[in-house]
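Below are the chains, spelled out letter by letter.
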Amino acid sequence: LIPVVTDPKKAAGSLQWAVNEMMRRYKIMSDAGVRDLESYNSIAMNEEEAREEAEVMLGYLEGKKFEYPVVMDIEEAEQKALPNDEFNKIVDTYCSILADAGYLVAIYSNASMLNKLNEENREKYDIWMAHWNTTTPTVYKDEFTIWQFTSDGRVPGIDGRVDMNLCYFDYPDYIIQNQLNGY
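From a predicted model like this one, the values you see are computed outputs, not experimental measurements.

A few points about the packing of helix H2 (residues 47-61) against helix H4 (residues 84-100)
Stage number 1. Interhelical geometry of H2 versus H4 gives an angle of 25 degrees and a closest axis separation of 8 Å. Classified by the angle their axes make, H2 and H4 are roughly parallel. As H2 packs across H4, the resulting crossing turns out to be right-handed. Along its contact with H2, which presents Glu47, Ala50, Arg51, Glu53, Ala54, Glu55, Met57, Leu58 and Leu61, the element H4 presents Lys89, Ile90, Thr93, Tyr94, Ile97 and Leu98.
Stage number 2. Here the contact of H2 with H4 is built from residues that sort into nine nonpolar, one polar and five charged.

Following this line, the structure appears as structure tokens:
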């Protein structure tokens, strides 16, 4: 995709590219009838950047319906190095903006990074945990609703590797009944 951007002057262009790429992929998936989880790879390093990313995502989501959570993907090494309180402020800033706009929000990351989440964020938002090469997740011991168990899956009709996930919650029914995510 694109390298990590640290220059604020280049960030807007990179963010716009990411939004355009997400919209292109959404159209392909929508045309194919796929019910996708919508996610965004956050690079925010503070609350203001998280706010900006959430506002961009809201623009992208406008007029679309999703039967699965809108997901904040937070897994950059620079974010992991942040103090836990700063990390949690970024997560809550981004996620609360989307939740306040009527979206069911989940947080995606690797199992060890999810351990940085405070109790408030673990209770407010669903968790999509990546923990590969194990039959029993052991690193992140709190509740999660989606488990990405490998990045080496195969699906007929798709060239190359794909991530494989198990979902333990009936999101489509819940989201539609509660008129979330554009419903």
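What follows continues from the structure just given.
Here's the deal with the nonpolar core
Stage number 1. Core analysis: the largest hydrophobic core is formed by 30 residues, its most contacted members being Leu61, Ile74, Val91, Tyr94, Cys95, Leu98 and Ile107.
Stage number 2. Elements that contribute at least two residues to this core include exactly H2, strand E2 (70-73), H4, strand E3 (105-110), helix H5 (111-114) and strand E4 (126-130).
Stage number 3. If we skip the residues at most four places from it in the chain, Ile107 touches Val71, Met72, Ile74, Val91, Cys95, Leu114, Leu117, Asn121, Tyr125, Asp126, Ile127 and Trp128.
Stage number 4. Ranked by size, the runner-up nonpolar core spans eleven residues in total, among them Val71, Ala106, Ile175 and Leu180.

A word on the packing of aromatic side chains
Stage number 1. Applying the stated criterion to the full structure yields six aromatic pairs.
Stage number 2. Note on Phe144 and Tyr168: the rings are 6.1 Å apart at their centroids and 70 degrees apart in plane angle, and the pair reads as edge-to-face. One end of the pair, Phe144, is in the loop between E4 and strand E5 (146-153); the other, Tyr168, is in the loop between strand E6 (162-167) and helix H7 (171-177), and 24 residues separate them in sequence.
Stage number 3. Residue class for Phe144 comes out partly exposed when judged on its relative accessible area of 23%.
Stage number 4. For Tyr168, a relative accessible area of 47% gives the class partly exposed.
Stage number 5. An aromatic cluster is built from Tyr68, Phe169, Tyr171 and Tyr174, whose rings are joined through pairwise contacts.

Let's talk about the environment of Asn115
Stage number 1. Considering the arrangement of structural elements, one finds Asn115 in the loop between H5 and helix H6 (119-124).
Stage number 2. Residue Asn115 is classed as partly exposed on the basis of its relative accessible area of 41%.
Stage number 3. In this structure, the C-alpha to C-alpha distance between Asn115 and Asp142, residues 27 residues apart in sequence, is 8.5 Å.
Stage number 4. Look past the residues within four positions of Asn115 in its chain and what remains in contact with it is Val139 and Tyr140.
Stage number 5. Within the structure, the side chain of Asn115 is placed 3.2 Å from the backbone oxygen of Val139, a separation counted as a polar contact.

Here's the deal with the pairing of E4
Stage number 1. With respect to burial, E4 is a largely interior element, four of its five residues being buried.
Stage number 2. In the sheet, E3 pairs with E4 via five bridges, with the strands oriented parallel. Its bridge partner being in E4, Asn110 is matched across the sheet by Ala130.
Stage number 3. Across three bridges, the pairing between E4 and E5 is parallel. Paired with Met129 across the strands is Trp147, a residue of E5.

Observations regarding the environment of Thr136
Stage number 1. Tracing the backbone shows Thr136 in the loop between E4 and E5.
Stage number 2. Sequence separation between Thr136 and Phe149 is 13 residues, and the spatial gap between their C-alpha atoms is 9.3 Å.

Here we look at the side chain of Thr150
Stage number 1. Position of Thr150 among the secondary structure elements: in strand E5.
Stage number 2. Here Thr150 falls in the buried class, since its relative accessible area comes to 16%.
Stage number 3. A distance of 2.9 Å separates a polar side-chain atom of Thr150 from the backbone nitrogen of Asp152.
Stage number 4. Setting aside residues no more than four positions away along its own chain, Thr150 makes contact with Trp132, Val162, Asp163 and Met164.

Reading the values: the criteria
- Residues numbered from 1 in each chain as written.
- Predicted model: local features only at pLDDT ≥ 70, side-chain atom pairs only at ≥ 80, totals over all residues.
- Heavy atoms only, no water.
- Axes fitted to C-alpha atoms, helices over the stretch in contact; angles between N-to-C directions.
- Helix = DSSP H or I, 4+ residues; strand = E, 2+ residues; numbered from the N terminus.
- Parallel < 35°, antiparallel > 145°, perpendicular 65-115°, else oblique.
- Left-handed = near helix turned anticlockwise from the far one by under 90°.
- Contact = heavy atoms within 4.5 Å.
- Nonpolar A, V, L, I, M, F, W, Y, C, P; charged D, E, K, R; others polar.
- Core = buried A, V, L, I, M, F, W, Y, C linked by side-chain atoms within 4.5 Å.
- Buried < 20%, exposed > 50% of the residue type's maximum accessible area, 1.4 Å probe, protein only.
- Phe/Tyr/Trp six-rings, centres within 6.5 Å; stacked < 30°, edge-to-face > 60°.
- Polar contact = N/O pair within 3.5 Å; in protein donor to acceptor, adjacent residues only side chain to side chain.
- Pairing = 2+ DSSP bridges.

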